Each structure stands twice: as structure tokens, then as C-alpha cells.
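Working through the structure, step by step
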Amino acid sequence: MPGIGALLLLAACGSTGSPASGTSVAITATDTACQVAKTELQAGQTTFSVTNNGNQVTEVYVYGEQDGAYTKVVSEVENIGPGTSRDMQVNLGGGTYEVACKPGQTGDGVRTKITVAGAAAKQQEEAYDREVEVEATDHALEGLSSFTAKTGEKIEFKLENKGTTEHELEIFTPDGKEAGEVAPVKPGATGEAVITLTVPGTYSYKCGIGDHAGKGLKGTFTVS
């Protein structure tokens, strides 16, 4: 897979503690822009300090390249309210990435490419308990209708897009908070994400792109 060596060694999302040693980069998010103060970085520990100057709750992702597209989630920080700031720390290997600000926490986001100089990081596969395959068509997300899990399980959700447009898989906890997502996947491609199901109850899932959920790309499953 192209660019796979440029993925992270370790990512810690949404940290609000003191920045670790390394590079600090400001990101200013609005409802229409994603301004990254520095787009040429050195490999190593980087703290992205995100400020939301927009009117919508936003989230920010760092994507690595996979299968010729920037779809591999390297790090993320969510639920950044208007007028607030949060830090996101990530250890980046040499290569190219895309930073995406997502006003309203939906869609592909407003993206900015960054270049990291230095040695490529060795990929470490995140451990998980089992894999679940999900197929996206233009009218359904198939493969989760009979899926159940136990509290604390780490599941690798593998999304294969058999539709004619991009699809994603967003998973929400019983109280409506996002547990994680498989980032948008182009037709004919596959994406994956490891998501820990931390609490029991009824989880919901959907494709958050456009009105895809209204067309049937949604559902629920139970964690006991």
C-alpha cells in the first residue's frame, strides 16, 4: 500500500495536558477553513493545538495515505465547541498527510496537506479482538444486523464500499457520543478502524455523508 511506511508509531488523541517535547503547530478551524500554521514538519512528536473559531462543533483528523488516498486515520480530536481549544498529540514518521477540519463533525472536512521530513515510521498494527466486515451500498450498510459484542471489546470494523459514491461508517455510544469511525471510502476501496466498545447498551451507526443515513445507511447493535 503506498505511503504505509509514513504512518504513526503512536497517537494519543484529544490530550489536554502539557505538550510533550517536539513540535507545536497551531490549527485554526472555522466553518469554511482549516488553517495549519506550519505545513512542513520534522518527523517526531507533534502537538497540534486546535482552536475552533467557527459557529459549529468541529473535529480534526490527521490522515495518512492508504491505497493512493488519504483515508488512514492517524489521529483525531473530537467535540471542539465554538470558541474552545484542544490539543492533539501524534508521533509522525516521514511522509505526507492531510489534516481535515470537519465543521459539524461530518463529511470529508476541509483538508490541508502537510509534509513531514525524516525517517518513515514503522507501522504498528493496533491490536483488536476480532474483525467485522461491513459492506456499503448506496442504500444499506450490510453486515451488522446480527452483530453483538461484549463491553470492552476492540473490534476492527472493515468497510468495503460497493456503492457508486463515497461512504463512511460512524459508530455512536448509547448516549450519542461518537465512539469512532471508518473514514470516507471511495467506491471499490476498503477502509478500517479499530474501535473499543467501552460501555454496554444500544449503539447506533450510520454513514454521515450527506443524506446517506436517510437513504438507509444506518442501524443499531447491542453491547452487553
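A short tour of the structure in this document, coming up. (Residues numbered from 1 in each chain as written. Predicted model: local features only at pLDDT ≥ 70, side-chain atom pairs only at ≥ 80, totals over all residues. Heavy atoms only, no water.)

1. Regarding the packing of aromatic side chains
In plain terms, the rule: Aromatic rings from Phe, Tyr and Trp, taking only the six-membered ring of Trp, are treated as a pair when their centres fall within 6.5 Å; an angle between ring planes under 30 degrees marks them as stacked, one over 60 as edge-to-face, and anything in between as tilted. Strands here mean DSSP runs of E at least two residues long; helices mean DSSP runs of H or I at least four residues long; both are numbered from the N terminus. Under the scheme applied here, a residue whose accessible area is under 20% of the maximum for its type counts as buried, over 50% as exposed, and between as partly exposed, the area being computed with a 1.4 Å probe on protein chains only.
Across all of its chains, the model carries six aromatic pairs by this definition. Here the aromatic rings of Tyr203 and Phe221 are separated by 5.5 Å at their centres, their planes lie at 10 degrees, and the arrangement is stacked. With Tyr203 in strand 18 (residues 201-206) and Phe221 in strand 19 (residues 218-223), the pair connects residues that are 18 residues apart, well separated along the chain. Across this residue pair, the class does not change: Tyr203 and Phe221 are buried. On the numbers, 6.2 Å between centres and 25 degrees between planes, the contact of Tyr205 with Phe221 is stacked. Residue Tyr205 is located in strand 18, and its partner Phe221 is located in strand 19; the two are separated by 16 residues in the primary sequence. With respect to class, Tyr205 is no different from Phe221; both count as buried. Here the aromatic cluster, defined as three or more aromatic residues joined through ring pairs, consists of Phe147, Phe157, Tyr203, Tyr205 and Phe221.

2. Thoughts on the pairing of strand 2 (residues 23-29)
Defined as follows: We treat two strands as partners when DSSP finds at least two bridges between them.
Relative to strand 5 (residues 44-52), strand 2 is paired through seven bridges, and the arrangement is parallel. For Ser24, the partnering residue across the bridge sits in strand 5 and is Thr47. Across three bridges, strand 2 lies against strand 3 (residues 34-36) in antiparallel orientation. Directly across from Ala29, in strand 3, lies its bridge partner Cys34. Once strand 2 ends, the chain turns through four residues before running back antiparallel as strand 3.

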